[in-house]
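What follows is each chain in one-letter form.
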Amino acid sequence: MIADRLALVRQRIIDAAAAAARRPEDICLVAVSKTKPAEMVREAHAAGQRDFGENYVQELSAKAEALRDLEGLRWHMIGHLQRNKVRWVAPVVHSVQTVDSIRLAEELGQRAQVAGRSGLRVLVEVNVSGEPSKSGCAPDELGSVLEAVAAEPALELAGLMTMPPYTDDPAEARPFFEQLLRLRDAHGGRARLPELSMGMSHDLEHAVLAGATMVRVGTAVFGER
Ligand SMILES: *Cc1c(COP(=O)(O)O)cnc(C)c1O
């Protein structure tokens, strides 16, 4: 059942890539397993899925522990991260996609070093809509947060992430995705920031058209939460 849903999502990515004249293998599907049991992650892994996103530190740690036997699993922290919880994620995650302040970058860099990590991948989250309820740094803070990440030897600056306001019409997310693309171009381009993490279950096609290299898909893979 999860295998079927995964196949559908992968096909959507293939079709969107074709429409954008891009290669589907340049778009990583991150299956967002938050609130879903570890057994569902195991099922997705059996269907070939390797990248998984989690929002809550405790849940991420518990699942990482329960699924330690799975080969090649990559965990991505995609939820808001508090500094006092960084030490729990630094040893286990492949990437943190929600770094949005200098202090968080410094804490993560330190904890990654203590955990003996090198090349822990970091995406800086940007609040492109300016909604006060959203996490992410403001576009005019982005330069300094990027520098703070780049200054940490244990971290690898990988790119940018955003989450636009939810709208029923997925096309309305498009300007926000395009804004992230412009911010990437303004801050060193693809060479410095290869990854753009944007697009979810309902709007991934628009994100792929705008240049996403990672889409974070929960509901379409694991069902309603
Ligand atoms: C939950 C979540 C997703 C996945 O959302 P769906 O609509 O279920 O695909 C993606 N990104 C973030 C940051 C999330 O919190």
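Parameters at a glance
Residues numbered from 1 in each chain as written. Predicted model: local features only at pLDDT ≥ 70, side-chain atom pairs only at ≥ 80, totals over all residues. Heavy atoms only, no water. Helix = DSSP H or I, 4+ residues; strand = E, 2+ residues; numbered from the N terminus. Rg over C-alpha atoms; globule rule 2.2 N^0.38 Å. Buried < 20%, exposed > 50% of the residue type's maximum accessible area, 1.4 Å probe, protein only. Areas by Shrake-Rupley, 256 points an atom, 1.4 Å probe, with all protein chains shown as cover. Lys, Arg positive; Asp, Glu negative; His and termini not counted. Charge placed at Lys NZ, Arg CZ, Asp CG, Glu CD. Contact = heavy atoms within 4.5 Å. Pairing = 2+ DSSP bridges. Right-handed = clockwise from strand over helix to strand, strands pointing away. Near = heavy atom within 4 Å. Polar contact = N/O pair within 3.5 Å; in protein donor to acceptor, adjacent residues only side chain to side chain. Nonpolar A, V, L, I, M, F, W, Y, C, P; charged D, E, K, R; others polar. Arc of directions from axis to C-beta. Core = buried A, V, L, I, M, F, W, Y, C linked by side-chain atoms within 4.5 Å.

(A) Representation of the overall build of the chain. Across its full length, the chain carries 10 helices and 8 strands. Rg of the C-alpha trace for the chain: 16 Å, near the compact-globule value of 17 Å for 225 residues, within the 12% margin. C-alpha extents for the chain along the principal axes are approximately 40 × 40 × 30 Å. For the chain, with 225 residues in total, the buried portion stands at 50%. Total accessible area on the chain stands at roughly 10200 Å², and carbon and sulfur atoms take up 50% of it. Across the chain, 27 positive and 31 negative side-chain charges occur, with their mean positions spaced 3 Å apart.

(B) Spatial organisation of the environment of Gly 119. Mapped onto the elements of the fold, Gly 119 is located in the loop between α5 (102–114) and β5 (120–125). Ignoring any residue separated from it by four or fewer positions in sequence, one finds Gly 119 in contact with Ala 154 and Glu 156.

(C) Quick look at the pairing of strand β3 (residues 74–77). Here strand β2 (residues 51–54) runs beside β3; their pairing, made up of 4 bridges, is parallel. Across the sheet, residue Glu 54 finds its bridge partner in β3, namely Met 77. In terms of handedness, the path from β2 via helix α3 (residues 57–66) over to β3 forms a crossover that is right-handed. Pairing geometry for β3 and strand β4 (residues 95–99), over 2 bridges, is parallel. Within β4, the position partnered with His 76 by the bridge is Ser 95.

(D) Quick look at the site of the ligand. Close to the ligand lie 13 residues; Lys 34, Asn 55, Ser 201, Gly 218 and Thr 219 are nearest. Asn 55 is positioned such that a nitrogen or oxygen atom in its side chain is 2.6 Å from an oxygen atom of the ligand. At a separation of 2.8 Å, an oxygen atom of the ligand approaches a polar backbone atom of Gly 218. Out of a free accessible area of 390 Å², the ligand has 91% covered by protein chains. In terms of residue class, the shell around the ligand is built from 6 nonpolar, 4 polar and 3 charged.

(E) Broad picture of α3. When α3 is considered as a whole, its buried residues turn out to be Val 57, Glu 59, Leu 60, Lys 63 and Ala 64. With its buried residues spanning 160° around the axis, α3 presents them on a single face. Buried-residue contacts for α3 involve α2 (38–46), β2, β3 and α4 (86–89).

(F) Focus on the nonpolar core. Residues Trp 75, Val 96, Leu 108, Val 124, Leu 160 and Val 215 are the most contacted members of the largest nonpolar core, which totals 64 residues. The element best represented in this core is helix α1 (residues 2–19), accounting for 6 residues. In this view, Val 215 contacts Ile 13, Ile 27, Cys 28, Leu 29, Val 30, Met 198, Gly 199, Leu 204 and Val 208; residues no more than four positions away in its chain are not counted. In this structure, Leu 123, Ala 158, Met 161 and Met 214 belong to the second largest nonpolar core, which totals 5 residues.

(G) Geometry of the side chain of Thr 213. Along the chain, Thr 213 turns up in the loop between α9 (204–209) and β8 (214–217). Residue classification places Thr 213 among the buried residues on the basis of a relative accessible area of 13%. For Thr 213, the residues in contact, after removing those within four places along its chain, are Arg 22, Asp 26, Ile 27, Cys 28, Pro 194, Glu 195 and Leu 196.

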